[in-house]
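A closer look at the structure
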Amino acid sequence: MDSDGLSRRRLLAAVGVGVAGTAGCQSLVTSSDQSSEGSPEPTPTSASGRAASGEDSVYTDVYDEVADGVVSIQVYDGATRPSSGSGFLIDGGYIVTNEHVVSAGDTVYVRYAGTDWREVTVAGTDVYSDLAVIDVDTAPDTTDPLSWVNSRPAIGTRVVAIGNPFGLSGSVSEGIVSGVDRTLRGANNFSIAAGIQTDAAVNPGNSGGPLVDLDGNVVGVINSGGGDNVGFAISAQLAQRVIPALIEDGSYAHPYMGVGLSNVSPIIAEANDLEQASGIYINSVRSAGPSDGVLEGSTGTARVNGVEVGTGGDVVRRLDDTPTPTRQDLAAYLALETSPGDTLSVTVQRDGDRQTVEITLGTRPAPR
C-alpha cells in the first residue's frame, strides 16, 4: 500500500471499530450515542474526526470531506425496535438511501453528525434498483452534498465506505473496487444490473451509505454484503438514471423484455448443438409481453450430464451493436442505455442461423 495509506487494522483502530457482518437494515438495541457499563472508552477525536494522536492519511482527508454529508437513518414500524441504515445528501436537498431501508417502517428519522434526529418524508422509492430518496427541508450549513463519479471506476480503484454499521454512526472502512458489472439480487426474480463489488467492510446498518473514491465522489450506494471481503453497491451510473425520476415522479420505469434468461452454459451449448458456450439462452417468453411473437423460448428439453435443460430457444448475441456474451452484459445494456418504448435490434441464433429481429421494450410490471 502507498506510504500515505493505512492498513485495514490501523484504520479500524483509528476510528475505534472492529466489527464484521452483512450489510442491511439493522435492528437497534443500542444506538451510537448509547453505551453499556464497562464498555471501553472510544478513541478521542477532534471535531473533524481525526484521532487525537494527530496521525493523518489520505483516508482521513476523504473522511473530512465526505462525512458531514452522510446521515444515520432510523425507521419505525410502530411495533418493534427501530431499524437503522445510512444515507447521504445530494444536490437539491435530498438524501439517497436504499429502498429496503425506508420500507422497514412508516416513520423515518435522519441525523447528521452533530445534530438531533429529525423526521423526514420519503419522496420516492424503487424496489427494482433498491434506491430511495428522502426529502429534507434543511441541512446544516456546514454540510455539503456529495457528488457522483463521472464514469465507471476501474477495478482496483481505492474506495472508502462511510455509514452507520451496527448503529455506530460515522464509521469508515477502506478497500478497492473488486469488480464491476455485477448482478445483484433484486425483487421478483429481477436483478439489479451494473453493480459494484468491493472488499471494503460493509455490515448491517451500512445499507444506503456512500462508497466513495479518494476524491470523495460517490462510486455507488452500498446495498449488501455477500461474505468476508465481499460487499456490493448500486452503481453511480444506475443511480443517476433512477434518482431524478424518484425526485420528480416518486417512481422509476424500468425497461422490460418479458423473457426468462440463462447464460449459455456448457450443457446448454451441448444440448442445443452450439459451437460456443456463450450468449444468453431464452428459456421462456412471457405471454402478451414485448417479446411475445418475436423471440422464441424453449420448445423441448434434453438431459446432459444428469441435468435437464431447455432446447430450441433463441440465443441472444447482440442488442443493437453491443455484444451480449452474458446475462450481465444484457442487463447492464438494458438498465443503462434503454428506456421503455425504445425499439431494439436483437441478433439471435435460431435453428443454427443468425437473424435480427426488433423488439419494442415495455415497462417492468409492478412488484407483487
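Residues numbered from 1 in each chain as written. Predicted model: local features only at pLDDT ≥ 70, side-chain atom pairs only at ≥ 80, totals over all residues. Heavy atoms only, no water.

An unreviewed UniProt entry lists the protein chain under the name Trypsin-like peptidase domain-containing protein, from Haloarcula salinisoli.

1. Quick look at the pattern of salt bridges
This is how the line gets drawn: We define a salt bridge as a contact between a side-chain nitrogen of Lys or Arg and a carboxyl oxygen of Asp or Glu at a distance within 4 Å. Put simply, DSSP H or I for four residues or longer makes a helix, DSSP E for two residues or longer makes a strand, and each gets a number counted from the N terminus. Each residue is placed in one exposure class: buried if its accessible area under a 1.4 Å probe, protein chains only, is under 20% of its type's maximum, exposed if it is over 50%, and partly exposed if it falls in between.
Counted by the stated rule, this structure contains 4 salt bridges. For Arg303, the salt bridge is made with Glu308, and the minimal N-O distance between the two is 3.3 Å. In this structure, the salt-bridge partner of Arg350 is Asp314, at a minimum N-O distance of 2.7 Å. Taken as a pair, Arg350 in strand 21 (residues 343-350) and Asp314 in the loop between strand 18 (307-311) and strand 19 (315-319) lie far apart in primary sequence, 36 residues in all. Accessibility classification places Arg350 together with Asp314 in one group, the buried group.

2. Some words on the environment of Arg152
We count it as follows: We call two residues contacting when some pair of their heavy atoms lies within 4.5 Å. What qualifies as a polar contact is a pair of N or O atoms within 3.5 Å, subject to a donor-acceptor requirement within protein and to the restriction that residues adjacent in sequence count only when both atoms come from side chains.
As for its placement among the helices and strands, Arg152 is situated in the loop between strand 7 (131-135) and strand 8 (158-163). Residue Arg152 is classed as partly exposed on the basis of its relative accessible area, which comes to 47%. Distance from Arg152 to Ile196, taken between C-alpha atoms, is 9.2 Å for residues 44 residues apart in sequence. Among all residues touching Arg152, those that are not within four sequence positions of it are Val180, Asp181 and Gln237. A distance of 2.6 Å separates the side chain of Arg152 from the side chain of Asp181, its partner in a polar contact.

3. Observations concerning the pairing of strand 7
Stated formally: If DSSP finds at least two bridges between two strands, the strands pair.
When you tally the buried positions in strand 7, you get 4 out of 5 residues, the bulk of the element. Pairing analysis gives 5 bridges linking strand 6 (residues 118-126) to strand 7, with the strands arranged antiparallel. Opposite Thr121, over in strand 7, you have Asp135 as the bridge partner. Connecting the antiparallel pair strand 6 and strand 7 is a turn made up of 4 residues, with Asp130 showing a positive phi of about 55 degrees.

4. Here's the deal with the environment of Tyr76
Its place among the elements puts Tyr76 in strand 2 (residues 70-76). Excluding residues within four positions of it along the chain, Tyr76 makes contact with Pro82, Gly105, Asp106, Thr107 and Tyr109.

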